[in-house]
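# Geometric and topological summary
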Amino acid sequence: MSLIRLDEFKDYSNEREIKLPGIDKTWKVKFDDQYRVQSGLIASEVDKLYREQSSSNYEDELLKLTQAERKKRLTADLNKFKKTCVDGLSTLLQDDKAGEEIYEAMGDSTEICAQIIGKLNDICEKALDVTKQKEEDGKASKYDTER
């Protein structure tokens, strides 16, 4: 009988350190099943709100309102989107203050916070794909030789 070794899992780690420009703090994130559930819930809520606010029906509804009502509605909807993104970042980075810190450091931009959530989910996918990690390690070592 032959022995099959799965050595590619030997150095596997699903933990990563996350550092954003303009923020002195570094977050250590474990991309486990709990993270994936949370990130899925947060990403779907962010996507839902974004789609609602980008739909032509939404624009039609806004046009039917007076300017004061429109401003009130836009402000309320953006605040809901911001809260979802800020709270989502705090949850994903396991730090109650992270979302607000990131929001402020990124120029008070909810859109940038939403993109950071997407980027964190991309990093998670890469962290959990051992095959790709080994391929990337191989590519890096191929070109990182001393001369």
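That block above? That's the structure.
Residues numbered from 1 in each chain as written. Predicted model: local features only at pLDDT ≥ 70, side-chain atom pairs only at ≥ 80, totals over all residues. Heavy atoms only, no water.

## Things to note about the overall build of the chain
Along the backbone of the chain there are six helices and two strands. For the chain, the proportion of its 147 residues judged to be buried stands at 28%. When the accessible surface of the chain is summed, it comes to about 10700 Å², and 49% of that surface belongs to carbon and sulfur atoms. (Helix = DSSP H or I, 4+ residues; strand = E, 2+ residues; numbered from the N terminus. Buried < 20%, exposed > 50% of the residue type's maximum accessible area, 1.4 Å probe, protein only. Areas by Shrake-Rupley, 256 points an atom, 1.4 Å probe, with all protein chains shown as cover.)

## Regarding the environment of Pro21
Position of Pro21 relative to the elements: it lies in the loop between β1 (15-19) and β2 (26-30). For the pair formed by Pro21 and Met106, sequence separation is 85 residues and the distance between their alpha carbons is 8.6 Å.

## Structural notes on the pattern of salt bridges
Applying the stated criterion to the full structure yields eight salt bridges. For Glu61, the salt bridge identified is with Arg73, shortest N-O distance 3.1 Å. Of the two residues, Glu61 sits in helix α2 (residues 56-63) while Arg73 sits in helix α3 (residues 67-92), which places them twelve residues apart along the sequence. Beyond isolated ion pairs, a larger network of salt bridges with shared partners links Lys25, Asp95 and Glu101. (Salt bridge = Lys/Arg side-chain N within 4 Å of Asp/Glu carboxyl O.)

## A few points about the side chain of Thr84
Note that Thr84 resides in helix α3. The class of Thr84 is buried, set by a relative accessible area of 18%. Non-local contacts of Thr84, meaning those with residues more than four positions away in its chain, are made with Glu45, Val46 and Leu49. (Contact = heavy atoms within 4.5 Å.)

## Some thoughts on the packing of aromatic side chains
Evaluation of the coordinates by the stated rule reveals two aromatic pairs. Ring centres of Phe31 and Tyr35 lie 4.8 Å apart, and the angle between their planes is 85 degrees; this geometry places the pair in the edge-to-face category. With relative accessibility at 4%, the residue Tyr35 sits in the buried group. A ring pair is formed by Tyr50 and Phe81, whose centres lie 6.5 Å apart and whose planes are at 35 degrees; its orientation type is tilted. (Phe/Tyr/Trp six-rings, centres within 6.5 Å; stacked < 30°, edge-to-face > 60°.)

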